[in-house]
Amino acid sequence: MSQTSHRPDNTTPQDTDGPEDAGTETSSTNTSSTNTGSTDTSGTETGDADADSAGSPAKPGPGTPPPGRSWEAVRHLLVRLHFYAGVLVAPFLLVAALTGLAYTLTPQLDQLVYGDRLRVEQVGETVRPLSEQIAAARAAYPEGTTASVVTPPGPEDTTRVVLAVPELGEKQRTVFVDPYTAEVRGELTTWFGSTPLTTWLDDLHRNLHLGETGRLYSEVAASWLWVAVAGGLVLWIGRRSRGRRPKSARGVLLPERGARGVRRTRGWHAVTGVWLALGLLFLSATGLTWSNYAGERFGRLLDTVNGNAPALDTALPGAEAPVEDHSEHAGHGGSGGATADADPAGFDTALTAARNAGLGGTVVVTPAADAASAWTVAQNDNVWPVHYDRVAVDASTGEVTSRTRWSDHPVLSKLSKLGVQGHMGVLFGVVNQIALAIVAIGLTAVTVWGYRMWWQRRPTRADRRALVGKAPEPGAWRRLPLPVLVLGIPAVAALGWALPVLGVTLAGFLVVDAVVGAVRRRRTA
């Protein structure tokens, strides 16, 4: 991310032909920067300016009127915005990258920690009826009620009997049963099907274990991630190094050969951001759909355009249909709505009807919420090609009373669902995990390189030493062309409504930028 427009006093033009970059997750500018000068042996301070200023316009001398509106001011504003996005938001992004990297390993960690419960000792030939497996689970754990049963995703996996226990609140007790012997392998306290370890890492990534307040961190990161990525791409691709833009794709996709110092660091920072851009934009978009404030706006959009998943009618003929739950976790190992324990034989009836209706793979069988409702069986195959068909079954007759198909979901519903699974590293299995790990490691490296650039561009002359480089000059927004202001202000306002956390923090940035600019102008007046 671009930072100051002044070259440190002890560097050469080769070391710094672009603005300083602070830590962020995407590419940086490579434009020329204006040297602040170096003192020679005669005591005369000389400047070795490049052909182009990097992010800040040259300061007007005494009696010189301030520069007027120009399109170059757009670039100066992007440089300053990219700089502060890195300095202030990059810590959130770094935490999100590291916690996300840990979360991508949860399938393997679960097998390592809970393998004795998740897998059977020996694959058998005949699977016992669900009713027998449930009876064994209830004999070992009689508390609560049977909320749902999840059939094994593979031949070596156990059946999961999910119990709703009031003392556990929104969590459940999941009993793991060998489907071939009906032997109980153990139990875990789960959250919508996730093991304790996965739940802990999920909370760490979403809210740092700080509850709803902590979720602001992840929404800040997701809100600004795409801004830094897009801004960095524009600055890097449109940079002017000594008055020349890159003449080939190599200048955008690969770091400069023979570069030293900050130019070398910036090159790696920038091209890594270019290569990771699509993945970072994907994570930003899908993360925002889960967030508190932007996610609520996205939910309104789905309601407005009828983009939600089709509802499954669970009302038995002649009965009033219950309210359908559209939440992401509905029907996926939740606590269920039944207050009395369901008849285990009903699970066999519902599963047989669903299989006959063509629902293959792993499914979640949920008992009826009340006597007027049907049982539901939902496919839960999250790996591509996904399967999410659902049926409602009258357990007394074994008749399928209603059905929804994945193919009937609106486009937005499909994109949202697939985006969730991709963000979690599930959609494409191990390949998905590897891709997310690469993006997380790359984001971490880009952030560290950004902060290193900020440090490398610090003034080191004896009378002007500083820990880090100087920020780009403020006030670029006041020099924006009128068409940009006329079109940009409504666009930014609409963006701030759609992404409230981005809107509030961006407004704060503009206010601080205006105040700092006013103070500096008063001091130099």
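Rules of the game
- Residues numbered from 1 in each chain as written.
- Predicted model: local features only at pLDDT ≥ 70, side-chain atom pairs only at ≥ 80, totals over all residues.
- Heavy atoms only, no water.
- Helix = DSSP H or I, 4+ residues; strand = E, 2+ residues; numbered from the N terminus.
- Areas by Shrake-Rupley, 256 points an atom, 1.4 Å probe, with all protein chains shown as cover.
- Core = buried A, V, L, I, M, F, W, Y, C linked by side-chain atoms within 4.5 Å.
- Buried < 20%, exposed > 50% of the residue type's maximum accessible area, 1.4 Å probe, protein only.
- Patch = residues over 30% accessible without salt bridge, like charges linked within 9 Å, V, L, I, M, F, W, Y side chains within 5 Å.
- Salt bridge = Lys/Arg side-chain N within 4 Å of Asp/Glu carboxyl O.
- Axes fitted to C-alpha atoms, helices over the stretch in contact; angles between N-to-C directions.
- Parallel < 35°, antiparallel > 145°, perpendicular 65-115°, else oblique.
- Contact = heavy atoms within 4.5 Å.
- Nonpolar A, V, L, I, M, F, W, Y, C, P; charged D, E, K, R; others polar.
- Pairing = 2+ DSSP bridges.
- Expected span 1.5 Å × (residues − 1).
- Bend = angle between axes of the 7 residues up to and from the residue.
- 1 Å grid on protein atoms, 1.4 Å probe; cavity = no way out; pocket = protein on both sides within 12 Å on 5 of 7 lines; lining within 4 Å.
- Points joined across faces, edges and corners; volume = space filled by probe spheres on them.

Novice: Describe the overall build of the chain, and please don't skip the residues or the numbers.
Specialist: The secondary structure content of the chain amounts to 13 helices and 12 strands. When the accessible surface of the chain is totalled, it reaches about 24,700 Å², and 62% of it is carbon and sulfur.

Novice: Mind laying out the nonpolar core, listing which residues take part and the relevant values?
Specialist: Within the largest apolar cluster, 35 residues are counted, with the highest numbers of intra-cluster contacts made by Leu81, Trp224, Val229, Trp236 and Leu280. Among the elements of the structure, helix H1 (72–104), helix H5 (211–237), helix H7 (261–290), helix H11 (429–456) and helix H13 (500–524) are those that each provide at least two residues to this core. Here this core takes 11 residues from H5, the largest share from any one element.

Novice: Before we move on, could you go through a nonpolar patch on the surface and cite the residues and values that matter?
Specialist: Together, Leu301, Val305, Val411, Leu412 and Leu415 make up an exposed nonpolar region whose accessible area comes to about 430 Å². Among the elements that take part in the nonpolar patch, helix H10 (residues 411–423) stands out by supplying 3 residues, more than any other. Turning to its location among the elements, Leu301 is positioned in helix H8 (residues 293–304). The exposure class assigned to Leu301 is partly exposed, which follows from its relative accessible area of 41%.

Novice: Can you tell me about the environment of Trp224, naming the residues and giving the values?
Specialist: Within the secondary structure layout, Trp224 lies in helix H5. On a C-alpha basis, the gap between Trp224 and Leu502 in space is 6.6 Å, while along the polypeptide they are 278 residues apart.

Novice: Now, about the packing of H1 against helix H2 (residues 106–118): what can you tell me, with residues and values included?
Specialist: Where H1 contacts H2, the axes come no closer than 5 Å and their chain directions differ by 55°. Relative to H2, the element H1 is oriented oblique. Between H1, through Ala102, Tyr103 and Thr104, and H2, the contact on the second element is made entirely by Thr106, Pro107, Gln108 and Leu109. Among the residues making up the contact of H1 with H2, the classes are represented as 4 nonpolar, 3 polar and no charged.

Novice: I'd love a proper account of the sheet that holds strand S11 (residues 390–394), names of residues and values included.
Specialist: With antiparallel pairing, the 8 strands of this open sheet are ordered in space as S8-S7-S6-S5-S9-S10-S11-S12. With partners counted over all chains shown, the strands left at the sheet margins are strand S8 (184–190) and strand S12 (399–404), one partner each. Ignoring strand direction, the axes of neighbouring strands in this sheet form an average angle of 20°. Relative to S12, S11 runs antiparallel, the two sharing 5 bridges. Residue Asp394 lies in a different strand from S12, and its bridge partner there is Glu399. Most of the contacts of H2 go to S8, to which it runs at about 130°, and overall it touches strand S6 (159–164), strand S7 (172–177) and S8.

Novice: Explain H5 to me, and be specific about the residues and the numbers.
Specialist: In this model, H5 (27 residues) spans 40 Å end to end at C-alpha, consistent with the 39 Å of a helix rising 1.5 Å per residue. In the structure, H5 departs most strongly from a straight axis at Trp224, where the bend amounts to approximately 30°.

Novice: Describe the layout of surface pockets, with residues and values.
Specialist: In this structure, the second largest pocket occupies an estimated 790 Å³ of space. In terms of lining, the second largest pocket is formed by 25 residues, of which the most central are Leu77, Leu81, Gly488, Val492 and Leu506. Counting residues per element, the ones that place at least two in the lining of the second largest pocket are H1, H5, helix H12 (482–498) and H13. Element by element, the count of residues in the lining of the second largest pocket is highest for H12, at 8 residues. Among the residues forming the lining of the second largest pocket, the class breakdown is 23 nonpolar, 2 polar and no charged.

Novice: Before we move on, could you go through H2 and cite the residues and values that matter?
Specialist: Between its terminal C-alpha atoms H2 stretches only 13 Å, short of the 18 Å expected from 13 residues at 1.5 Å a residue. Residues Thr106, Asp110, Tyr114, Gly115, Arg117 and Leu118 constitute the buried set of H2. Looking at the buried positions of H2, the neighbouring elements they touch are H1, S6, S7, S8 and helix H4 (196–207).

Novice: Tell me about the pattern of salt bridges, and name the residues and values.
Specialist: Counted under the stated rule, the structure contains 13 salt bridges. Glu72 serves as the salt-bridge partner of Arg75, at 2.9 Å between the closest nitrogen and oxygen. Of this pair, Arg75 and Glu72 both sit in helix H1, 3 residues apart, which is roughly one turn of that helix. By relative accessible area, which is 25% here, Glu72 ends up partly exposed.

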